[in-house]
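Notes for the structure review
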Amino acid sequence: METKDYIAKNAEHIERRLSELIPDNHQEPHGNLFTGARYSLLGGGKRLRPVLTLAVCETFGASPEKALSTACAIEMIHTYSLIHDDLPCMDNDDFRRGKPSLHKVQSEGHAVLAGDFLLTHAFDVIANDAHLTPHQKVDIIALLSRCAGGEGMIGGQVMDIEAEGKAITLDRLKQIHRLKTGAMISASILCGAIIAEVSSDKRNILRDLSEDLGLAFQIVDDILDVTASEKKHGKAISSDETKGKTTYVTLLGIEGARQAAQHLLDKALISLEGLKPETKYLGDIASLLVNRAF
Ligand code: GRG
């Protein structure tokens, strides 16, 4: 199967399971909560993180079905971060995933609570997943709470807010990117490794390469912030620039940023080859993360 078909097939499985985990027939008193969560969660998004989880699981010899609910939990955490990031008190973005942001179609309060709900529900899903052993549940919950929390995404977001309008060094920027974006990409890979019972030696290699990939993913986001704006508006209207943010592009230029992302990808692919993966999909998906156009 071609990698694009493999991704599309898995993205479909993820879409279906997400819809089952947050059903649309849920009645009051939670009616609007489920409607809001489904609005942001379903029918949009590239599903890169959950697809990575399924691909790691399969690459290391376990059935991807075992990882499907965990993969969906990761997508719930990711979607919560997008809902909160779009709020007026954060990035104040009116559009997300090709439609108005949740706070534009429901109230800001609803958007805060829908995000809170998706985050907590993710842990509920893992705790009740019949495919996981008690040990795996604890390992996954520990990993995700760390990567989504103060030592990961939230910590990175706070550092990012505090860096706005200031000149920061490349090392500091790297640290912010690794935490804010990289930690959840890394968690997506490592959750697959936990479920496939990958040995701790191999897991350490996967951790290192997943951190490099996560950083590369955010570097590409920095590049797309400029180049996709150029395509869309016919001139460079960068939202990072408007917010006075230091990015890989402001520090290294577009070409320098591209080279930095490519270098991290090459390093990650060499480490992955050393693990003798059973399929080509994981390497192809890693390349796609870094060579994506949106
Ligand atoms: C506000 C709790 C909170 C956290 C903020 C991850 C994050 C931290 C904010 C999201 C905003 C953002 C643009 C982060 C950079 C990471 C990134 C490129 C997110 C978008 O991920 P994609 O491209 O999006 O995978 P889709 O919609 O395809 O899932």
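The sections below set out a description of the structure shown in this document. (Residues numbered from 1 in each chain as written. Predicted model: local features only at pLDDT ≥ 70, side-chain atom pairs only at ≥ 80, totals over all residues. Heavy atoms only, no water.)

With that out of the way, let us pick up the site of the ligand. Surrounding the ligand, one finds 18 residues, the nearest of these being Lys46, Arg49, His78, Asp85 and Arg97. In this structure, an oxygen atom belonging to the ligand sits 2.7 Å away from a side-chain N or O atom of arginine 49. For the ligand, an oxygen atom lies 2.8 Å from a polar atom in the side chain of arginine 97. In isolation the ligand exposes 700 Å². Once the protein is present, 91% of that is buried. Put simply, the parts of the chain that give the shell around the ligand at least two residues each are helix H4 (68–85), helix H8 (153–163), helix H9 (170–195) and helix H10 (200–233). Looking at which element gives the most residues to the shell around the ligand, the answer is H4, with 6 residues. (Near = heavy atom within 4 Å. Polar contact = N/O pair within 3.5 Å; in protein donor to acceptor, adjacent residues only side chain to side chain. Areas by Shrake-Rupley, 256 points an atom, 1.4 Å probe, with all protein chains shown as cover. Helix = DSSP H or I, 4+ residues; strand = E, 2+ residues; numbered from the N terminus.)

Roughly 270 Å³ of volume is contained in the second largest pocket. Val220, Ile223, Leu224, Arg258 and Arg292 are, among the 13 residues lining the second largest pocket, the residues nearest its centre. Of all the secondary structure elements, the ones that give two or more residues to the lining of the second largest pocket are H10 and helix H12 (248–274). The element contributing the most residues to the lining of the second largest pocket is H10, with 6 residues. (1 Å grid on protein atoms, 1.4 Å probe; cavity = no way out; pocket = protein on both sides within 12 Å on 5 of 7 lines; lining within 4 Å. Points joined across faces, edges and corners; volume = space filled by probe spheres on them.)

Soluble globular proteins: nonpolar side chains tend toward being buried together. Core analysis: the largest hydrophobic core is formed by 90 residues, its most contacted members being Ile77, Leu144, Leu206, Leu213 and Ile219. Ranked by residue count, the leading element in this core is H9, at 13 residues. When near neighbours in sequence (up to four residues on either side) are disregarded, leucine 144 contacts Ile74, Ile77, Phe123, Ile126, Met184, Ala187 and Cys191. (Core = buried A, V, L, I, M, F, W, Y, C linked by side-chain atoms within 4.5 Å. Buried < 20%, exposed > 50% of the residue type's maximum accessible area, 1.4 Å probe, protein only. Contact = heavy atoms within 4.5 Å.)

Here we take up the pattern of salt bridges. Taken as a whole and judged by the stated rule, the model has 18 salt bridges. The residue glutamate 15 makes a salt bridge to arginine 47 at a minimum N-O spacing of 2.9 Å. One end of the pair, glutamate 15, is in helix H1 (residues 3–21); the other, arginine 47, is in the loop between helix H2 (31–41) and helix H3 (48–59), and 32 residues separate them in sequence. (Salt bridge = Lys/Arg side-chain N within 4 Å of Asp/Glu carboxyl O.)

For the rest of this paragraph, the subject is the packing of aromatic side chains. For the structure shown, the criterion picks out 2 aromatic pairs. Pairing tyrosine 6 with tyrosine 281 gives two aromatic rings, centres 3.8 Å apart and planes at 5°, and the pair type is stacked. Here tyrosine 6 is found in helix H1, whereas its partner tyrosine 281 is found in helix H13 (residues 281–290), with 275 residues between them in sequence. Ring geometry for phenylalanine 34 versus phenylalanine 117: centroids 5.2 Å apart, planes at 40°, classification tilted. Separated by 83 residues along the polypeptide, phenylalanine 34 in helix H2 and phenylalanine 117 in helix H6 (residues 108–127) bring together distant segments of the chain. Here phenylalanine 34 falls in the buried class, since its relative accessible area comes to 9%. (Phe/Tyr/Trp six-rings, centres within 6.5 Å; stacked < 30°, edge-to-face > 60°.)

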